[in-house]
2 protein chains.
Amino acid sequence: MSRSIPSHARNKQPAHAALFAALGDKTRLALVARLCSGEPASITQLTAGTRITRQAITKHLRVLERTGLVRCVRAGRESRFGLDPRPLHAMQQYLDVVSHQWDQALARLKAFVED
Amino acid sequence: MSRSIPSHARNKQPAHAALFAALGDKTRLALVARLCSGEPASITQLTAGTRITRQAITKHLRVLERTGLVRCVRAGRESRFGLDPRPLHAMQQYLDVVSHQWDQALARLKAFVED
DNA sequence: GGCATATGCAACCTCTTGGTTGCATATTAG
DNA sequence: CTAATATGCAACCAAGAGGTTGCATATGCC
């Protein structure tokens, strides 16, 4: 649908802020990077190699889970976390919209100046 | 136990977290959306239409400026803020990398999600 | 059963953040 | 010059985020 900046694309994105905020912490960004490059991992596995406690990692995982970036499945006595790509795609699409609007604004401005 | 995680994949890109965090606030996200669709605007112009004070908007603009998403030029007695698309492109590239890594591991992860 | 492992839950602390108010400064208009 | 406009600066405040410690619970292994 190639409308020219529909209102719903300009004004209605409260959910995106939460997604960006979820990746706005370096520990959570590292967790996502860790999860996107391999199999789902347990909490203790994800805690290994960091300097913070398991409970802190757990909190970060719950934040990621609340925004939908990560899903948790209980397997035996461990909770295995895996990435869900759909919110990432939503963020990509949002950034594409913003960049596209910016490019169009620049084109209009350039056309106005050169006119 | 030996970690099979390459350290470069876990400890990379510290700057991206600040970019995501800058867009993690709904007011700042709205400011970016506002700026990407037109010419640079002054602080009072950007404050108009919001329910928060000019000083709060100023703080948000300084945060965006610190991360490089926005640039400020003093014009007479007003400060005009405009978008800088380069950090946005950096975020797009980062998300592209994550998505690409995701696609490479899709087979295993698909089995996990559908289980 | 009994012990080690993996996680959950809750209280607590500190530091940051988003927001406000009040006042000072700079710049333009008359 | 004077007044109105636009911004800057600083103190202050409430709430939330990131992190810790301590203890409880669940599961696997001998």
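Criteria and thresholds
- Position numbers for residues start from 1 in each chain and track the written sequence from start to end.
- Chain letters and ligand numbers both follow the written order, the letters beginning at A and the numbers at 1.
- For this predicted model, a pLDDT threshold of at least 70 governs which residues receive local features, and a threshold of 80 or more governs which side-chain atom pairs are given and counted, while totals over whole chains, interfaces and linings are taken from all residues.
- For the purposes of this entry, the term helix denotes a DSSP run of H or I that reaches at least four residues, the term strand denotes a run of E that reaches at least two, and both are numbered from the N terminus.
- Exposure is read from a count of other C-beta atoms within 10 Å of each residue's own; the residue is exposed at 12 or fewer, buried at 20 or more and partly exposed in between. C-beta atoms are placed from the backbone.
- C-beta atoms are placed from the backbone for every residue, and two residues are taken to be in contact when these atoms lie within 7 Å.
- Strands are treated as partners if at least two bridges between them are detected by DSSP.
- Fitted lines through C-alpha atoms serve as axes, helices being fitted only where they are in contact, and the angles separating the N-to-C directions of these axes extend from 0 to 180 degrees.
- Here, nearness means that the C-beta atom of a residue, built from backbone geometry, sits within 6 Å of the molecule or strand in question.
- Polarity classes work like this: nonpolar for Ala, Val, Leu, Ile, Met, Phe, Trp, Tyr, Cys and Pro, charged for Asp, Glu, Lys and Arg, and polar for all others, with Gly in that last group.
- By convention in this section, buried Ala, Val, Leu, Ile, Met, Phe, Trp, Tyr and Cys residues joined through C-beta atoms within 7 Å make up a nonpolar core.
- Any angle between 65 and 115 degrees counts as roughly perpendicular, while under 35 counts as roughly parallel, over 145 as roughly antiparallel, and the rest as oblique.

Asks: Explanation requested: the overall build of chain A in the structure shown.
Replies: For chain A, the count of helices and strands is 6 helices and 3 strands. Tracing chain A from N to C terminus, the helices and strands come up as α-α-α-β-α-α-β-β-α. Looking at chain A as a whole, 30% of its 115 residues qualify as buried. Excluding contacts between residues fewer than 6 apart, the proportion of contacts in chain A whose partners are at least 24 apart in sequence is 53%.

Asks: Is there a simple way to think about the sheet that holds strand 3 (residues 78-83) of chain B in this case?
Replies: Sheets are built from strands that pair by backbone hydrogen bonding, the pairs being arranged parallel or antiparallel. Residues and elements named next belong to chain B. Read from one edge to the other, the open sheet built from 3 strands follows the order 1-3-2, with strand pairing classed as antiparallel. A single partner strand is all that each edge strand has here, and the edge strands are strand 1 (41-42) and strand 2 (70-75). In this structure, strand 2 lies alongside strand 3, joined through 6 bridges in antiparallel fashion. Bridging across to strand 3, Arg74 finds its partner in Ser79. Contacts from helix 5 (residues 54-66) reach strand 2 and strand 3 within the one sheet, and its direction differs from that of strand 2 by about 120°.

Asks: Would you explain the protein's contact with DNA strand D in this entry?
Replies: Taken together, 20 residues lie around DNA strand D, and Thr53 and Gly76 of chain A together with Ser42, Thr44 and Glu78 of chain B are the ones closest in. When contributions to the surface near DNA strand D are tallied by element, the ones reaching two or more residues are helix 5 (54-66) of chain A together with helix 4 (43-47), helix 5 and strand 3 of chain B. It is helix 5 of chain A that provides the largest number of residues to the surface near DNA strand D, a total of 5 residues. Across the surface near DNA strand D, the residue classes break down as 4 nonpolar, 10 polar and 6 charged.

Asks: Help me out: how do you make sense of the protein's contact with DNA strand C in this one?
Replies: Around DNA strand C, a shell composed of 20 residues is seen, among which Ser42, Thr44 and Glu78 of chain A together with Thr53 and Gly76 of chain B lie nearest. The dominant element in the surface near DNA strand C, judged by the number of residues it contributes, is helix 5 of chain B, at 5 residues. Considered class by class, the residues forming the surface near DNA strand C number 4 nonpolar, 10 polar and 6 charged.

Asks: Hey, could you run me through the nonpolar core in this one?
Replies: Within soluble globular proteins, side chains that are nonpolar tend to cluster in buried spots. Of all hydrophobic cores here, the largest spans 50 residues; its most connected members are Val32 and Val98 of chain A together with Val32 of chain B. The dominant element in this core, judged by the number of residues it contributes, is helix 3 (residues 26-36) of chain A, at 7 residues. Excluding its chain neighbours within four sequence positions, the residues that come into contact with Val32 of chain B are Val98 of chain A together with Leu23, Leu69 and Leu83 of chain B.

Asks: What is the right way to read the sheet that holds strand 1 (residues 41-42) of chain A from this model?
Replies: All names here are of chain A. With antiparallel pairing, 3 strands are arranged side by side in an open sheet as 1-3-2. Of all the strands in the sheet, the pair left with one neighbour each is strand 1 and strand 2 (70-75). Where strand 1 meets strand 3 (residues 78-83), 2 bridges bridge the pair, whose relative direction is antiparallel. From the neighbouring strand, Ser42 faces strand 3, where its bridge partner is Arg80. Each of strand 2 and strand 3 is contacted by helix 5, which is oriented at about 120° to strand 2, the strand it contacts most.

Asks: Sorry if this is basic, but what is going on with the packing of helix 3 (residues 26-36) of chain B against helix 5 of chain B here?
Replies: The description of two packed helices rests on the angle between their axes and on the distance between the axes. Residue and element names in this part refer to chain B. Interaxial distance between helix 3 and helix 5 falls to 10 Å at its minimum, and their mutual angle equals 70°. By the angle between their directions, the pair helix 3 and helix 5 is classed as roughly perpendicular. Residues Thr27, Arg28 and Leu31 of helix 3 pack against His60, Leu61, Val63 and Leu64 of helix 5. Considering only residue class, the contact of helix 3 with helix 5 consists of 4 nonpolar, 2 polar and 1 charged.

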